[in-house]
Amino acid sequence: MTLEELRNKAFFQNTIDVWIAYCEEQKRDWYDTGAYRRFIQHLNANGIKMQKFPLCIKESGGMYERGKDKAQFLEELSKMSSDDAAAYTVKLSESVLAAIRSFTIAAA
């Protein structure tokens, strides 16, 4: 699913689903908690307004593309106590989509 398709579902989305859609567009693996945390740091550094989103791990969806378990990904993030490991709600405006796409996945 592309970011535009995600935005067409709802203008406000959680950053986990945005992260997965971004990675699908980039043909990258989304199951890297370190990369997700750098993604959140990137959004913060670009002044993207986000509100913490209490995403229920049990109801987040089961198996995702390539057999990856989204709930397991969220479980790993929940073990981290930093703000960049949290889920947020973000408004998918054109400027936010541009900021998302300006992120590059690189090793830490």
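Residues numbered from 1 in each chain as written. Predicted model: local features only at pLDDT ≥ 70, side-chain atom pairs only at ≥ 80, totals over all residues. Heavy atoms only, no water.

### As for helix 2 (residues 15-26)
Under the convention used in this document: The helix count covers DSSP runs of H or I at least four residues long, the strand count covers runs of E at least two residues long, and both are numbered beginning at the N terminus. What a helix should span is 1.5 Å times the count of its residues minus one. Each residue's exposure class comes from its accessible area (1.4 Å probe, protein chains only) as a fraction of the maximum for that residue type: buried when under 20%, exposed when over 50%, partly exposed otherwise.
The end-to-end C-alpha distance of helix 2 is 16 Å, a good match for the 16 Å that 12 residues give at a rise of 1.5 Å each. With 10 of 12 residues buried, helix 2 is to be regarded as a mostly interior element. Inspection of helix 2 places T15, I16, D17, V18, W19, I20, A21, Y22, C23 and E24 among the buried residues, and these make up the whole buried set. K27, located one to two residues past helix 2, shows a positive phi value of around 55°.

### A few points about the environment of L97
Here is the rule: Here, two residues are considered to be in contact whenever any of their heavy atoms come within 4.5 Å of each other.
The residue L97 is located in helix 5 (residues 94-101) in this model. We classify L97 as buried; its relative accessible area is 1%. Excluding residues that lie within four positions of it along the chain, L97 makes contacts with L3, E4, R7 and L92.

### A few points about the pattern of salt bridges
Spelled out, the test is: Salt bridges are defined as contacts in which a side-chain nitrogen from Lys or Arg sits within 4 Å of a carboxyl oxygen from Asp or Glu.
Under the criterion given, the structure shown has 7 salt bridges. Notably, a salt bridge pairs R37 with D84, separated by 2.8 Å at the nearest N-O pair. Here the residue R37 occupies a position in helix 3 (residues 33-45), and D84 occupies one in the loop between helix 4 (70-78) and strand 3 (88-91), the gap between them amounting to 47 residues. Counted as one network, the salt bridges with shared partners bring together E4, E25 and R101.

Any link to function would need more than the numbers given here.
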